[in-house]
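Structural description and commentary
What follows is each chain in one-letter form.
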Amino acid sequence: MLLHVVHETRYRYAPAVVNAHHVVHLKPASRNGQSLLRYDLRIDPMPVQLRDTVDVYGNTRSYFSLQSAHESLTVVADSVVSTSALNPLQSEASLSTSRGASPPWEQVREQFRYRAGAAYDSASEFLFASPYVPRDDAFVEFGRPSFLPGRPLPEAARDLMERIHNAMTYESESTEVNTPALEALKQGKGVCQDFAHIMVACCRAMGLPARYVSGYLLTSPPPGQPRLVGSDASHAWASVYCPGVGTWLDFDPTNNRAPGEDYVTLATGRDFLDVSPMRGVIRGGAQHILDVAVTVEPLPETDAQSLTTGN
């Protein structure tokens, strides 16, 4: 599927910001069957410095600096991405026959249990507590019913995703971007960021590597209604490492499904803090108003031939 994503962030400050330094994760990844065909980052006012680097998890992050006073800031990331279909291991048919075809979850847990002199596995970076995903017995208690003895890891993760979806209520503005996963679990409601954090926390509590994924989801307008510009939003889901098949498997507890070709991956990290779309340090601007608009729309596949990579 060919998807066009426009992510626009606008700040209005009072009083003016004197100078600012920002880091953004807005460039879609080119990996796991996803290809970035075009990318354009537009910033107003124009920064005096702009550079891209790759972080420790392989994500592209852009740093820019503004050294003159400004009362507003607009950042627009315009991308065209080619996405592929669902990972076969996550299809309903595969999960129903996964017993014996993929490792039981206990085997994966034992593989990542610390042993002096053991070979390093990069997935072990995602075993430990992180700022928004703490260790707590509440995650063990919630996650344990999904991890039955001998159950294949993909099947157990699928069950956990479904249980989170059923136990949690999606409610806009019920949490903040810095709300810890434990608080969201206790109140039983949150947004996609909270659903993903809870699933990551439960998997880590069971000794399994899990990471946070930021991105976008193509939504459909009501029947007979046009697609509205800016009506979509950023999305987030969880990814669990399955060493038996040598891959990360994605699960979206907010929508109780495995991400497919209608999803766009931006970045992966331990939690939201690693992949925040935009963060920074400013001097001035004691008060501000933030507006974010995201548009995700499908494009004809024939357009792919006329696009060039914007790397």
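In what follows, the structure referred to is the one given above.
Report follows, based on the coordinates. (Residues numbered from 1 in each chain as written. Predicted model: local features only at pLDDT ≥ 70, side-chain atom pairs only at ≥ 80, totals over all residues. Heavy atoms only, no water.)

Topic: the overall build of the chain
Rule in force here: Secondary structure elements are taken from DSSP: a helix is a run of H or I of four residues or more, a strand is a run of E of two residues or more, and numbering for both begins at the N terminus. Remark: exposure states derive from per-residue accessible area (1.4 Å probe, protein chains only) relative to the maximum for the residue type, with buried under 20%, exposed over 50%, and partly exposed in between.
Counting its regular elements, the chain contains seven helices and 13 strands. Looking at the chain as a whole, 50% of its 311 residues are labelled buried.

Remarks on unusual backbone geometry
Put simply, A14 and P15 share a cis peptide bond, and its omega is -10°. In this structure, P15 sits in strand 1 (residues 2-24). Note the cis peptide between D44 and P45, where omega equals 5°. Assignment of secondary structure puts P45 in the loop between strand 2 (35-44) and strand 3 (49-54). Located in the positive-phi region is N32, a residue other than glycine, with phi close to 55°. One can find N32 in the loop between strand 1 and strand 2. Taking relative accessible area as the criterion, N32 reaches 65% and is therefore assigned exposed. At E173, a position not held by glycine, the phi torsion is positive, near 65°. The residue E173 is located in the loop between strand 6 (169-170) and helix 5 (181-187) in this model. E173 gets classed as exposed once you look at its relative accessible area, which sits at 75%.

Some points on helix 6 (residues 192-205)
Cut-off, in case you're wondering: By this rule the span expected of a helix is its residue count minus one, scaled by 1.5 Å.
Across its 14 residues, helix 6 extends 20 Å between first and last C-alpha, which sits within 8% of the 20 Å expected from 1.5 Å per residue. Burial of helix 6 is extensive: 13 of the 14 residues sit out of reach of the surface. Two residues or fewer after helix 6 comes G207, characterised by a positive phi angle close to 85°.

What about the packing of aromatic side chains?
Our working definition: Working definition: rings of Phe, Tyr and Trp (its six-membered ring) pair if their centres are within 6.5 Å, and the pair is stacked with planes under 30 degrees apart, edge-to-face with planes over 60 apart, and tilted otherwise.
In the structure shown here, the tally under the stated rule is 10 aromatic pairs. When the ring of F112 is compared with that of Y241, the centres are 6.0 Å apart and the planes differ by 80°; the resulting orientation is edge-to-face. Of the two residues, F112 sits in the loop between helix 2 (105-111) and helix 3 (137-143) while Y241 sits in strand 9 (residues 234-242), which places them 129 residues apart along the sequence. As far as burial versus exposure is concerned, F112 and Y241 are alike and both buried. Here the aromatic residues Y57, F112, F126, Y241 and W248 are joined through ring pairs into a cluster of three or more.

Quick notes on helix 4 (residues 153-167)
Taking 1.5 Å per residue, 15 residues should reach 21 Å; helix 4 reaches 21 Å between its end C-alpha atoms and fits that length. Restricting attention to buried positions, one finds in helix 4 the residues L153, P154, E155, A156, A157, R158, D159, L160, M161 and I164.

Considerations on the packing of helix 4 against helix 6
To keep things clear, this is the line we draw: Axes here mean lines fitted to C-alpha atoms, for a helix over just the part in contact, with angles spanning 0 to 180 degrees between N-to-C directions. Note that the term roughly parallel is reserved for angles under 35 degrees, roughly antiparallel for angles over 145, roughly perpendicular for angles of 65 to 115, and oblique for everything else. Note on convention: the crossing is left-handed when the near helix lies turned anticlockwise from the far helix by less than a right angle, right-handed when the turn is clockwise. Contact definition: two residues touch when any of their heavy atoms are within 4.5 Å.
Look at helix 4 against helix 6: their axes get within 10 Å of each other, and the N-to-C directions meet at 135°. Considered as vectors, helix 4 and helix 6 are oriented oblique to each other. Considering how the two elements wind past one another, helix 4 and helix 6 form a crossing that is right-handed. Here A157, L160, M161, I164 and H165 of helix 4 lie close against helix 6, whose contacting residues are F195, I198, M199, C202 and C203.

Quick notes on the pattern of salt bridges
Definition in use: A pair is scored as a salt bridge if a Lys or Arg side-chain nitrogen falls within 4 Å of a carboxyl oxygen belonging to Asp or Glu.
Inspection of the entire model under this criterion finds 14 salt bridges. Of the charged contacts, one joins R151 and E155 as a salt bridge, the two residues approaching to 3.0 Å between their closest N and O atoms. In this pair, the class of R151 matches that of E155, namely buried. Measuring nitrogen to oxygen at the nearest pair gives 3.8 Å for the salt bridge that ties E162 to R158. Of the two residues, E162 and R158 both sit in helix 4, four residues apart, roughly one turn of that helix. When its relative accessible area of 33% is taken as the criterion, E162 is described as partly exposed.

What to know about the pairing of strand 1
Quick note on the threshold: The pairing criterion for strands is at least two bridges between them, as found by DSSP.
Note that strand 1 and strand 13 (residues 287-299) share 13 bridges and pair antiparallel. What sits directly across from R12, in strand 13, is I289. Both strand 1 and strand 5 (residues 70-82) contribute to a ladder of 12 bridges, which runs antiparallel. Counted as the bridge partner of H7 is A77 from strand 5. Sheet topology note: the strand 1/strand 4 (residues 60-66) ladder contains five bridges and is antiparallel. By the bridge assignment for strand 4, V24 is matched with S62.

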